[in-house]
Amino acid sequence: MTKVTLIPGDGIGKEICAAMMVVVQATGVLIDWEITSAGIETFEKTGTLVPQEVFDSIERNKIAIKGPLETPIGKGHSSINVMLRKKYDLYACIRPVKSIANISPRFPNVDLVIFRENTEDLYMGVEEIISGDEAHSIKIITRKASVKIAQAAYEFAVKENRKKVSIVTKANIMKATDGLFLDACRSVAALYPQIKTDEILIDNMCMQLVIDPTSTDIILTQNLYGDILSDLCAGLVGGVGFVPGANIGTDIALFEAVHGVANDIAGQGIANPTAMILTAAMMLKHLGYAQEALNIENAVETVFQDPANYTRDLKGPLDTQAITKKIISALKP
Ligand code: NAI
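So, here is what we can say about the structure in this document. A quick note: this is a predicted structure, and the numbers were derived from the prediction, not measured.

### With respect to the overall build of the protein chain
Phase 1 of the analysis: Along the backbone of the protein chain there are 11 helices and 12 strands.
Phase 2 of the analysis: For a compact globule of 333 residues, the expected C-alpha radius of gyration is about 20 Å, and the protein chain comes in at 20 Å, within 12% of that figure.
Phase 3 of the analysis: Dimensions of the protein chain, computed from C-alpha atoms along their principal axes, come out at roughly 50 × 50 × 40 Å.
Phase 4 of the analysis: Expressed as a percentage of its 333 residues, the buried residues of the protein chain come to 53%.
Phase 5 of the analysis: When contacts within the protein chain are restricted to residue pairs at least 6 apart in sequence, those whose partners lie at least 24 apart make up 73%.

### Some points on the pattern of salt bridges
Phase 1 of the analysis: Evaluation of the coordinates by the stated rule reveals 19 salt bridges.
Phase 2 of the analysis: Ionic pairing is found between E41 and K14, a salt bridge with its closest N-O pair at 2.9 Å. Of the two residues, E41 sits in helix α2 (residues 40–46) while K14 sits in helix α1 (residues 13–27), which places them 27 residues apart along the sequence.
Phase 3 of the analysis: Given a relative accessible area of 36%, E41 falls into the partly exposed group.
Phase 4 of the analysis: The closest approach of N and O atoms between R162 and D217, which form a salt bridge, is 3.0 Å. Linking R162 in the loop between α5 (143–159) and β8 (164–169) with D217 in the loop between α7 (202–211) and β10 (218–221), this pair joins segments that are 55 residues apart in sequence. Side by side, R162 and D217 carry an identical accessibility label, which is buried.

### Some thoughts on the environment of K315
Phase 1 of the analysis: Of note, K315 is situated in the loop between α10 (290–303) and α11 (320–330).
Phase 2 of the analysis: Residues K315 and V165, 150 residues apart in the sequence, show an inter-C-alpha distance of 35 Å.

### Considering helix α6 (residues 177–189)
Phase 1 of the analysis: Given a rise of 1.5 Å per residue, 13 residues ought to cover 18 Å, and the 18 Å separating the end C-alpha atoms of α6 matches this to within 8%.
Phase 2 of the analysis: Within the sequence span of α6, burial applies to T177, D178, F181, L182, A184, C185, V188 and A189. One face of α6 carries all of its buried residues, which in axial projection span an arc of 165°.
Phase 3 of the analysis: Against the buried residues of α6 lie α5, β8, β9 (196–201), β10 and α8 (223–236).

### Quick notes on the side chain of E256
Phase 1 of the analysis: Mapped onto the elements of the fold, E256 is located in strand β12 (residues 253–256).
Phase 2 of the analysis: A distance of 2.7 Å separates polar atoms of two side chains, one belonging to E256 and the other to R85.
Phase 3 of the analysis: Polar side-chain contacts of E256 include one of 2.8 Å to the side chain of N247.
Phase 4 of the analysis: If near-sequence neighbours (up to four positions away) are discounted, E256 is found in contact with K66, N81, R85, P244, G245, A246, N247 and T279.

### Here we look at the sheet that holds strand β11 (residues 246–248)
Sheet strands associate in pairs through backbone hydrogen bonding, adopting either a parallel or an antiparallel arrangement.
Phase 1 of the analysis: Read across the open sheet, the 10 strands follow the order β2-β1-β3-β12-β11-β4-β5-β10-β8-β9; overall the sheet is mixed. A single partner strand is all that each edge strand has here, and the edge strands are β2 (31–35) and β9. Going across the sheet, the axis of each strand differs from the next one's by a mean of 25°, ignoring polarity.
Phase 2 of the analysis: Where strand β5 (residues 111–117) lies against β10, 4 bridges are found, and the strand directions are parallel. The partner of I114 across the bridge, within β10, is I219.
Phase 3 of the analysis: In the packing of α5 onto the sheet, the strands contacted are β4 (92–98), β5, β8, β9 and β10, and the crossing angle to β5 comes to about 160°.
Phase 4 of the analysis: Of the strands in this sheet, β5, β8, β9 and β10 are in contact with α7, which crosses β9 at around 110°.

Cut-offs used in this document
- Residues numbered from 1 in each chain as written.
- Predicted model: local features only at pLDDT ≥ 70, side-chain atom pairs only at ≥ 80, totals over all residues.
- Heavy atoms only, no water.
- Helix = DSSP H or I, 4+ residues; strand = E, 2+ residues; numbered from the N terminus.
- Rg over C-alpha atoms; globule rule 2.2 N^0.38 Å.
- Buried < 20%, exposed > 50% of the residue type's maximum accessible area, 1.4 Å probe, protein only.
- Contact = heavy atoms within 4.5 Å.
- Salt bridge = Lys/Arg side-chain N within 4 Å of Asp/Glu carboxyl O.
- Expected span 1.5 Å × (residues − 1).
- Arc of directions from axis to C-beta.
- Polar contact = N/O pair within 3.5 Å; in protein donor to acceptor, adjacent residues only side chain to side chain.
- Pairing = 2+ DSSP bridges.
- Axes fitted to C-alpha atoms, helices over the stretch in contact; angles between N-to-C directions.

The values are spatial; any link to function lies outside them.
Written as C-alpha cells, this is what we have:
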C-alpha cells in the first residue's frame, strides 16, 4: 500500500480533501493516508504553522497532497506554500487546464498545460522597506532553475505528444532577468526541434488566451506570470474549482489544486471538490495508476455533462457531498 502525506490545510481544505479521499478509495487504489496538519488553524492551536511531523512525513513518504493554506495579505507570516516549494526544490509547477463537458460554452476545447517555475522570481520574498514611502522587491532568476523548468516542459511535450511550447516573459522590459530566462529556455528548445516554440510577452499571452485559448498548448513561464495565468486559464474553463496541479521536484512531489482557501464558503459544505479530485488523479498517474487516474477524469467529464449535476460555483444545485457521490457513481467498476 502506498503511503501518502495528506495536509488538509485551511478554509475549505478539510471538506475537499475528505471528498478526494473517498473518490480515490472508490477507484480501488489503496492509499495509506498519513494525515498531518499545517496552516493557520494549526498555528492557533500549536503556535507553529508547520509542525516538524509534517516535514518528517513528507520526507519519509516523498509524495504528498495538500489542500490550500492561507497566507494573510500584506502582513504576518510568509507563505507556507512558497516555503515548501523552496525547501523541497519542487521546481516544476504543472497545471493542466482542460475544458470539462460544456461547463464553459465559450471555450469547449481548451487543453493546455502551464509549466510554472516554482522556486524563484519575485516569490523569493527578497523585499526591503527603504522608508515608509518606498519598498523594493528583488526579482531573482537563475539559468539553472530556468533550464530545469524548460527541460520539464519540453520532456512533457515529447512524452504527451504535444505540439508547441510558448515561452512567456516580459523580456523586452526586464532584459536582465526575463532575458536570462528566455535565453535559458531557448537553449533547451534548440534540443527539441520537433516541438514548435513560440516566444510571447505576458501581456499579449493574456489577450491571446482570452480571445482563443485553443491555440495555446504548453505555457513555459516564471513564477509570478505562471500564478496569474493559472487563475486566468481557470476562468476560461469554469473557474478555480476545476483546475488541478502538481509541484514536482527530483525527490519529492507535492500535489495541490490551483485554488485557495475560499474562506467565503468554508465550513458550509458547498465547495467544489473537483479540482482536488483531479489533483488526486494527477497523483495517481504519477504513482503509476494511469488507468485509475483516467477513470476519475472520465467520471468528472460524464457527471458535468448534465447541468443538474452542477456545483454551487456553477450556479448549480449540488453541494460537496452530492457531487462527490455523483463522481463515485460514474466511476467505471
Ligand atoms: P481563492 O481561490 O481562495 O478564492 C477565489 C474565489 O474562488 C472565491 O470566491 C472562492 O469562494 C472561489 N473558490 C475557490 N475555490 C473554490 C472551490 N473549490 N469551490 C468553489 N469556489 C471556490 O483565492 P484568493 O481569495 O485569492 O485566496 C484566498 C487565500 O488562499 C489567500 O490566503 C491565499 O494566500 C490562499 N491561497 C492558497 C493557495 C494554496 O494553498 N495553494 C493557492 C491560492 C491561494
